[in-house]
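Overview (structure and organization)
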There are 2 protein chains.
Amino acid sequence: MAKELKELTKRSENYSQWYNDLVIKADLAEQSAVRGCMVIKPYGYAIWEKMQQQLDKMFKETGAQNAYFPLLIPKSFLSKEAEHVKGFAKECAVVTHYRLKSSEEGTGVEVDPAAKLEEELIIRPTSETIIWNTYKNWIKSWRDLPLMCNQWCNVMRWEMRTRPFLRTSEFLWQEGHTAHATREEAEAEAQKMLKVYADFAEQWMAVPVVQGVKSETERFAGALDTYTIEAMMQDGKALQSGTSHFLGQNFAKSFDVTYLNKENKPEYVWATSWGVSTRLIGALIMTHSDDNGLVLPPRLAPIQVVIVPISKTSEQLKAIHDQLKPIIDGLRAMGITVKFDDNDTKRPGFKFADYELKGVPVRLVMGGRDLENNTIEVMRRDTLQKETVSLEKILEYVPKLLEEMQANILKKAKDFRDAHIYECENYDEFKQKIKDGGFFLCHWDGTEETEAKIKEETQATIRCVPFGVEQTPGVDMVSGKPAKYRVIIARSY
Amino acid sequence: MAKELKELTKRSENYSQWYNDLVIKADLAEQSAVRGCMVIKPYGYAIWEKMQQQLDKMFKETGAQNAYFPLLIPKSFLSKEAEHVKGFAKECAVVTHYRLKSSEEGTGVEVDPAAKLEEELIIRPTSETIIWNTYKNWIKSWRDLPLMCNQWCNVMRWEMRTRPFLRTSEFLWQEGHTAHATREEAEAEAQKMLKVYADFAEQWMAVPVVQGVKSETERFAGALDTYTIEAMMQDGKALQSGTSHFLGQNFAKSFDVTYLNKENKPEYVWATSWGVSTRLIGALIMTHSDDNGLVLPPRLAPIQVVIVPISKTSEQLKAIHDQLKPIIDGLRAMGITVKFDDNDTKRPGFKFADYELKGVPVRLVMGGRDLENNTIEVMRRDTLQKETVSLEKILEYVPKLLEEMQANILKKAKDFRDAHIYECENYDEFKQKIKDGGFFLCHWDGTEETEAKIKEETQATIRCVPFGVEQTPGVDMVSGKPAKYRVIIARSY
């Protein structure tokens, strides 16, 4: 067994360490020289590119257009929406100077005190403020609405405890910002985008999610409502994987954005914003992967099929390649990404372990006997099952297998998730069971006090009021008061 | 004529103002609230997306992979390569704090002095330093080479005089960074990427370029050689449109990056970097556009064909749409982007002017008479010529026309460029003629003194020692000394 694999911590021993190991060993990302900021390595970035391509298509189908707004935000802009600045002030990277000069000793450079900015600039933690300051000039009449822009960019939130993909000071994301004439339209947009995220998570990432609305304390800073998709990791913890916010008229009022309605009267504009980030890669890893390494859903795998020839001589290698050439071409013509790995500086055993570690969905191996028999060995990464398939059937077999795997991975994650959602009406029982993870469907009295008590005593939080769950009457398991909603409670990342 | 058009300054009156007007009126970009930073609007961004798609494909075909490195660079990293820091220190945005707090008066926020960074961080002006600090861990043996990463990102260079796309404090770009075992391989890579840029400029942007190598004073800070593509704008000025740098072992030595060669001996790695930016959009605008607005090469136009129906009644509109439906579907099936504009709040005349302003290559108009005759009016944006074409031929006609336009736009730009390249051996003549723009092919003695004198007296600079031009012997037109090269001299953006 290859060295890399031996060193991968087992999930059952230390789930957190397993995750950290896997990110490094599968060549996804690494810590950079800058505190809390990661380097996304080519293999990890290739997954992000696949995610971007599909999401971008889905956004454009809803009518959104891409644009680009400045990285830096004047400090005064942040203050304009009171809740917003409260939420972000504590994690802002601040630009104060615009020049360096040779240091006194002449050995390096230092900040030039003569180049101090009149007003400090903040590296965007999110772009509502700079975008609504811009929308002010773009929106005059009802004819300019709806206005729907998205940007793919980097943002910075100075985090004290970071983990690759899950929580980093700088991360990549997309942020959609839409402007509407009516409250109803904006609310519908926020919910529509939540649905887009949920569809993407399930159909592309094979990650089933609970959709719902956040409690007031968990809302985005400046939103009237925050919708969320919550995924369950293999340790039973929740990972908030995407959010969509109904912002009401808060930003329109802060930045004075009005439009003339059909009766020629000015009205404030209604807003939404919505975003997903490289955190999705963390969700992907933690939902499917196992002790052998990554398990990637075929639709997002950078390499979908790897072919490893096993030959004793260069003549045999050539014969294998000749035999496989039309198959490689055929698979590629179907849009399948194929790697033919004839690198002779690495042994087949090393390659097998490495491609398992990297989660390549399908491995094809051809050796001398296969060559004689016109067969090939197929291994699927999700179940690690092997099968010998005749060459003439392989072009039909592989695409079917990839589809089956995509469905199987989703089913497995869904079965796990469903087996770990508990209805619970007893706080003592809850306190006991939450230690093993899982989503708890509980009655809640709707007060911040109860929410805070649960968090303090169990480190669990109210993830959302879930959609599609019957809102039965009942009493709050903590306070004993009449419940307002049934909510999902869980520990989370 | 629509209001927007009336206000577009004519090129002959004020070329610079014409450009600024066009950027705004064609909805490409606008100044943001942050000094020197622009907002790229959806229409402008759509051009950038088309550029990215094609360039990304071309980069990947050379074996480069995408990755992502941190936005912030520790100040000390910049200092490690002496020339590099000299080149960039004066335009660095510096992050000094990581938190805001409520201001004393309680009305806003202010920088929290308790949250001062131990070492200041620089917003990347370019990423050689942080990347080579990372490569140090990735490169151990000759087996790890070549290493070729590219990233699409934003960078920041604090510019005092900015112009949309051409020179902005923040801009979007790609930067490729490659590591090689030998000098020859690195030099070949730098030249190969210059060729990729030149091909992209000519085949996709329809912008002919002069390829060459920069003089020492115009080199990238830290490079041994900088290769450049120089395009000629319609006012005869040069626009440096892309550069590729042979960095030698400078960064490998500064960051101590060595590899074990096949004899197991450590050697420093050889490097290149190469980049193009949103400046290319400026090149596109300034090369082709005219007094009616943008002229876009079909291959990069966000909308390639616009269809404007002219109808007196809603029945007639429906009949036109029914007639055109299979044509719209047919064009889209060929991968052509088509917009059917039946917006009834705008008059046809306004639409015509607006699509001309936005540079949509082909406009199809169908009215009542066309409906009777089974014809459609075709206008091409490059020559503004109109033709009536029978409907049954249109699916064949349009793709051919788009190709013809792409070639015609390139030819026009090439003819203009070639007519404005002058061989010149007399400095007085040069000083006179340079006022009207153009590229001057002159003998140069190779000294910085001559270069500085030309710049001071004429604002023109040595753009490059061009490739593919015979290096005849001669004397420097300024100093009268024996010449080292023939170079291209021009005023530039």
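Residues numbered from 1 in each chain as written. Chains lettered and ligands numbered in written order. Predicted model: local features only at pLDDT ≥ 70, side-chain atom pairs only at ≥ 80, totals over all residues. Heavy atoms only, no water.

Per an unreviewed UniProt entry, chain A goes by the name Proline--tRNA ligase and belongs to Hoylesella timonensis CRIS 5C-B1. Quoted verbatim from the Catalytic activity (unreviewed entry) field of UniProt, the annotation for chain A is "tRNA(Pro) + L-proline + ATP = L-prolyl-tRNA(Pro) + AMP + diphosphate". Note on chain A: under the UniProt heading Sequence similarities (unreviewed entry), the record states "Belongs to the class-II aminoacyl-tRNA synthetase family. ProS type 3 subfamily." (UniProt positions renumbered as here; feature names shortened; annotations may be inferred.)

Residues and elements named next belong to chain A. Spatial ordering of the open sheet is given by S18-S17-S19-S20-S21, a layout of 5 strands whose pairing is mixed. Each edge of the open sheet is held by one strand with a lone partner, namely strand S18 (338-340) and strand S21 (386-390). Geometrically, the sheet is characterised by an average inter-axis angle of 25 degrees between neighbouring strands, direction not taken into account. Alignment of strand S19 (residues 362-366) against strand S20 (residues 375-380), held across 4 bridges, turns out to be antiparallel. Residue pairing for S20: Val365 is matched across the bridge by Glu377. Sheet strands in contact with helix H10 (residues 314-333) are strand S17 (305-309), S18, S19 and S20, and its direction is about 170 degrees off that of S18. Its contacts with the sheet put helix H11 (residues 348-357) on S17, S18, S19 and S20, and the angle it makes with S17 is roughly 175 degrees. (Pairing = 2+ DSSP bridges. Helix = DSSP H or I, 4+ residues; strand = E, 2+ residues; numbered from the N terminus. Axes fitted to C-alpha atoms, helices over the stretch in contact; angles between N-to-C directions. Contact = heavy atoms within 4.5 Å.)

Take the pairing of strand S25 (residues 485-490) of chain B next. All names here are of chain B. Here S25 lies mainly inside the structure; 5 of its 6 residues are buried. Examined bridge by bridge, strand S24 (residues 461-466) and S25 share 3 bridges and lie antiparallel to one another. What sits directly across from Cys464, in S25, is Ile488. (Buried < 20%, exposed > 50% of the residue type's maximum accessible area, 1.4 Å probe, protein only.)

This part takes up the relation of the copies chain A and chain B. Mapping chain A onto chain B is achieved by rotating through 180 degrees and translating by 0.0 Å along the same axis, at an RMSD of 0.0 Å. Here the copies are linked by what is in effect a two-fold axis. Taking C-alpha positions as reference, the residue of chain A nearest the rotation axis is A:Val95, located at 2.1 Å. Comparing contact sets, 100% of the residues at the interface of chain A also lie at the interface in chain B, consistent with an isologous, same-surface contact. (Least-squares fit on C-alpha atoms with pLDDT ≥ 70 in both.)

Next up on the list: the nonpolar core. Of all hydrophobic cores here, the largest spans 254 residues; its most connected members are A:Ile123, A:Phe430, B:Ile123 and B:Phe430. Leave out the neighbours within four places in its chain, and B:Ile123 touches A:Leu71, A:Leu72, A:Val95, A:Ile123, B:Leu71, B:Leu72, B:Ala93, B:Val95 and B:Met156. Listed in part, the 23 residues of the second largest apolar core include B:Leu324, B:Ile328, B:Ile376 and B:Val378. (Core = buried A, V, L, I, M, F, W, Y, C linked by side-chain atoms within 4.5 Å.)

Our focus in this paragraph is a positive patch on the surface. A grouping of A:Arg143, A:Lys262, B:Lys339 and B:Lys346 is seen on the molecular surface, where their side chains present a positively charged patch. Inspection of the secondary structure puts B:Lys339 in strand S18 (residues 338-340). (Patch = residues over 30% accessible without salt bridge, like charges linked within 9 Å, V, L, I, M, F, W, Y side chains within 5 Å. Areas by Shrake-Rupley, 256 points an atom, 1.4 Å probe, with all protein chains shown as cover. Salt bridge = Lys/Arg side-chain N within 4 Å of Asp/Glu carboxyl O. Lys, Arg positive; Asp, Glu negative; His and termini not counted. Charge placed at Lys NZ, Arg CZ, Asp CG, Glu CD.)

Moving on: the domain arrangement of chain A. Residue and element names in this part refer to chain A. Annotation of chain A at the domain level lists domain 1 (15-96 + 106-288), domain 2 (305-404) and domain 3 (421-491). Once you take the C-alpha centre of each, domain 1 and domain 2 turn out to be 41 Å apart. Taken together, the 6 residues of domain 1 in the interface contact 4 residues of domain 2. Its largest share of buried area at the contact with domain 2, domain 1 owes to Lys25, Ala26 and Tyr43, together 70% of the area lost on that side. Scanning the region where domain 1 abuts domain 2 turns up 1 salt bridge. The salt bridge involving Lys358 is made with Asp27; its shortest N-O contact spans 3.8 Å. The interface formed by domain 1 and domain 2 contains 1 residue pair in polar contact (both at pLDDT 80 or more). Put simply, the parts of the chain that give the side of domain 1 that touches domain 2 at least two residues each are helix H2 (15-25) and helix H3 (42-61). (Domains from an automatic or database assignment. Buried area = accessible area lost by both parts, 1.4 Å probe. Polar contact = N/O pair within 3.5 Å; in protein donor to acceptor, adjacent residues only side chain to side chain.)

Before going further, it helps to examine the state of the cysteines. Under the criterion given, the structure shown has 0 disulfides over all chains. Cysteine B:Cys37 shares no disulfide, and the gap to the nearest cysteine sulfur, in A:Cys153, comes to 14 Å. B:Cys92 takes part in no disulfide bond, and the closest cysteine sulfur, belonging to B:Cys37, lies 14 Å away. (Disulfide = S-S within 2.5 Å.)

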